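Below are the chains, spelled out letter by letter.
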Amino acid sequence: MKVLEVKDYHEMSSIASRIIIEKVKSKPDCKLGLATGGTPIGLYKELIQDYRKNGTSYDHVCTYNLDEYVGMDPEDPNSYRYFMEKNLFAHINVPESHIHIPDGTAEFLEAECERYDVELNRGEGVDIQILGIGSNGHIGFNEPGTSFSSHTHIVKLAETTRKANARFFQRLEEVPTHAITMGIASILKAKQILLLVSGIKKAEVMKRLLTTNEIDEQLPASALKKHQNVTILADENALSLVKKAHLKYK
Ligand code: GLP
């Protein structure tokens, strides 16, 4: 894992956008793995700005999102489908038919997981996977304890995750209890992974991830240590508990 320390959220978003734009330009039919949450919003803003200013085209790009809440209608403002539309898709020229997000309203959820894996595995793998990290170390919605060999599956959300995500809802009770998520093995199939981390709330988990040799299912993000091409773009606050000398993974 390569750790790139950046000053702040703005710099993290700007560098991440340059990496994505470069990929889209050099490989116009690339596959992008996308994430939700507060962390990638700045990156998406930069992509939109670039699209408006320089016309970088997403006409042949395919996108694959990590996860979706179970039971959440795509039209619901709290669904990840809606989040992606609002924060990115409505503002760039990615064709609707190229957008892939698990369907949390599917009647047969297990079949939906299988369908999503088939989509993901069609042709070449994802070129760049964007990830955020939960303060308990989750990636996608893979909570601590998830098998590293998992593919797309249904998860019961940890209470800490529901509380952290309650800020997007009116009340905690409205936060779904389950989600459908790409598994750890599905995520690790990407050719390149970009983990974005910003803010003091992520300092503890970054310390755990970067200062120990722990590769443990209790810390889902530690699976990334098994991948050959991971870049962590983390800001000063997120790395504030990690003394450079103690960085075990560079
Ligand atoms: C959510 C998402 C993750 C995201 C994480 C961190 O639960 N499922 O994909 O990376 O939490 O969110 P944030 O970026 O808002 O800190």
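Summary of the structure given here.

Parameters at a glance
- Residues numbered from 1 in each chain as written.
- Predicted model: local features only at pLDDT ≥ 70, side-chain atom pairs only at ≥ 80, totals over all residues.
- Heavy atoms only, no water.
- Pairing = 2+ DSSP bridges.
- Helix = DSSP H or I, 4+ residues; strand = E, 2+ residues; numbered from the N terminus.
- Contact = heavy atoms within 4.5 Å.
- Axes fitted to C-alpha atoms, helices over the stretch in contact; angles between N-to-C directions.
- Polar contact = N/O pair within 3.5 Å; in protein donor to acceptor, adjacent residues only side chain to side chain.
- Expected span 1.5 Å × (residues − 1).
- Buried < 20%, exposed > 50% of the residue type's maximum accessible area, 1.4 Å probe, protein only.
- Salt bridge = Lys/Arg side-chain N within 4 Å of Asp/Glu carboxyl O.

With that settled, consider the sheet that holds strand β6 (residues 128–131). Neighbouring strands of a sheet are bound in pairs by backbone hydrogen bonds; such pairs are parallel or else antiparallel. Taken together, 7 strands build an open sheet; the order of strands is β1-β10-β9-β6-β2-β3-β5 and the sheet is parallel. Looking at the sheet topology across the chains shown, the edges are occupied by β1 (2–6) and β5 (99–100). Relative to strand β10 (residues 230–235), β1 runs parallel, the two sharing 5 bridges. Across the sheet, residue Val6 finds its bridge partner in β10, namely Asp235. Lying over the sheet, helix α1 (residues 9–26) contacts β1, β2 (31–34), β6, β9 (192–197) and β10, oriented at roughly 160 degrees with respect to β9.

Bringing the side chain of Thr161 into the picture now. Note that Thr161 resides in helix α5 (residues 159–165). For Thr161, the side chain forms a polar contact with the side chain of His138, separated by 3.3 Å. Dropping the residues within four chain positions of it, Thr161 is found in contact with Asn136, His138, Phe141 and Glu143.

What follows covers α1. For α1, with 18 residues, the first-to-last C-alpha span of 26 Å sits near the 26 Å given by 1.5 Å per residue. Along α1, the positions that sit buried rather than exposed are Met12, Ser13, Ser14, Ile15, Ala16, Ser17, Ile20, Ile21 and Val24. The inward-facing, buried residues of α1 abut β1, β2, α2 (41–54), β6, β9 and β10.

Let's shift gears to the pattern of salt bridges. Here the structure, examined in full by the defined rule, presents 14 salt bridges. Between Asp127 and Lys27 there is a salt bridge; the shortest N-O distance is 2.7 Å. Taken as a pair, Asp127 in the loop between α4 (109–121) and β6 and Lys27 in the loop between α1 and β2 lie far apart in primary sequence, 100 residues in all. Grouping residues by exposure puts Asp127 and Lys27 together as buried. The closest approach of N and O atoms between Asp127 and Lys191, which form a salt bridge, is 3.2 Å. A residue pair is termed long-range when its members are at least 10 positions apart, and Asp127 in the loop between α4 and β6 and Lys191 in the loop between α6 (184–188) and β9 qualify at 64 residues. For Asp127, a relative accessible area of 4% translates into the label buried. Residues joined in a network through salt bridges with shared partners are Lys27, Glu124, Asp127 and Lys191.

Glancing now at the sheet that holds strand β7 (residues 153–156). Ordered in space as β4-β8-β7, the 3 strands form an open sheet in which the pairing is antiparallel. A strand with exactly one partner marks an edge of an open sheet, and here the two such strands are β4 (67–69) and β7. Direction aside, the axes of adjacent strands within the sheet are offset by 25 degrees on average. Pairing of β4 with strand β8 (residues 178–181), which is carried by 3 bridges, proceeds in the antiparallel orientation. Bridge pairing in β8 links Glu68 to Ile180. Strands in contact with α4 are β7 and β8; relative to β7, the strand with the most contacts, it is inclined by about 125 degrees.

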